[in-house]
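Analysis of the macromolecular model
Below are the chains, spelled out letter by letter.
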Amino acid sequence: PIGVVGIITPWNFPVAIPVWKLFPALICGNTAVIKPASDTPACLVRFVELLLEGGLPEGVVNVVTGSGGEVGNAIVDHPDVRVISFTGHTDTGVEISRRAAETLKRVSLELGGKNPIVIWEDADLGLALDSVVWSAFGTSGQRCTAASRLVVHRAIHDDFVQRLGQRVAKLVLGDGLDETTDVGPVINDAAIERISSYAAIGRNEGELVIGGEPAREGALAKGSFFEPTIFAEVKPDARIAQEEIFGPVTSVIPVDSWDEAVRVVNGVKYGLSSSLFTNDIGLAFRSIR
């Protein structure tokens, strides 16, 4: 037990992430103050109500809603909060680290990602396609672990891109609670504007295979929807291959050798997750190393 744990969480997993952070704190004998994301506070409020109904003593878990500037900074700066656990944007994580250093807090950060899926020339393309479609476009790409870069061996690049475009063209946008929906909305219209700006950048940095626009037809006009988007022939140093977009957009980067693939995978400021599709067990273990 350390004391009071400050927990600051994002909107994209508004129950799961607070739970992941909270239960280790409680098991170890700490209390917690949690600031949920401003877009999704009701999920956490209801969860804590259930904890109280289940017998958790009042005051052990506390929820304070509000903006990061007003509430988040107050938690980070407070001398009685000894640990900060934060999931969210990298720039915010840097600022939290600076502020927490003033009172020598322990800090745990889980930040952004620009996660590659490497697809080698001997890969099972059917399996790879299934995984890419889910990872890049499931939850509309609104996960820090979403596959926003596809590093594909040049020998299969054209075939893979064609197949992926065909699969993505069949995806159904709509209400996420409807079982026939493949891709739901993004969080809000501000996200649509950000994703649209990256799609515009991508038109100058790669070949647009499919998508690239907000989806506003029919019932989709009632929500914030963006077409699943693929750019091919993207350079590793392109902005759409380097910056976290946090939407249903992925870039296909062709490579000719394993050494080049490794350079591309490691050539971003993020280091969150990656995966490889190959039938060569030796290459798989080499990639782990």
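Residues numbered from 1 in each chain as written. Predicted model: local features only at pLDDT ≥ 70, side-chain atom pairs only at ≥ 80, totals over all residues. Heavy atoms only, no water.

To continue, consider the overall build of the chain. Helix and strand counts for the chain come out as ten helices and eleven strands. Burial analysis of the chain (289 residues in total) assigns 46% to the buried set. The contacts of the chain with a sequence gap of at least 6 include a subset with a gap of at least 24, amounting to 70%. Accessible surface, the chain as shown: approximately 14,100 Å² in total, 54% of it carbon and sulfur. Computed over 25 positive and 36 negative side-chain charges, the inter-centroid distance for the chain is 4 Å. (Helix = DSSP H or I, 4+ residues; strand = E, 2+ residues; numbered from the N terminus. Buried < 20%, exposed > 50% of the residue type's maximum accessible area, 1.4 Å probe, protein only. Contact = heavy atoms within 4.5 Å. Areas by Shrake-Rupley, 256 points an atom, 1.4 Å probe, with all protein chains shown as cover. Lys, Arg positive; Asp, Glu negative; His and termini not counted. Charge placed at Lys NZ, Arg CZ, Asp CG, Glu CD.)

What follows deals with the sheet that holds strand 7 (residues 147–153). Read from one edge to the other, the open sheet built from six strands follows the order 8-9-10-7-6-11, with strand pairing classed as mixed. This sheet does not close on itself; its edge strands, each paired only once, are strand 8 (207–210) and strand 11 (275–277). The average angle at which neighbouring strand axes cross in this sheet is 25°, direction not considered. Across five bridges, the pairing between strand 7 and strand 10 (residues 249–255) is parallel. Its bridge partner being in strand 10, Val-152 is matched across the sheet by Pro-254. (Pairing = 2+ DSSP bridges. Axes fitted to C-alpha atoms, helices over the stretch in contact; angles between N-to-C directions.)

What follows concerns the environment of Leu-272. Its place among the elements puts Leu-272 in the loop between helix 9 (258–265) and strand 11. According to the relative accessible area criterion, Leu-272 is partly exposed, its value standing at 34%.

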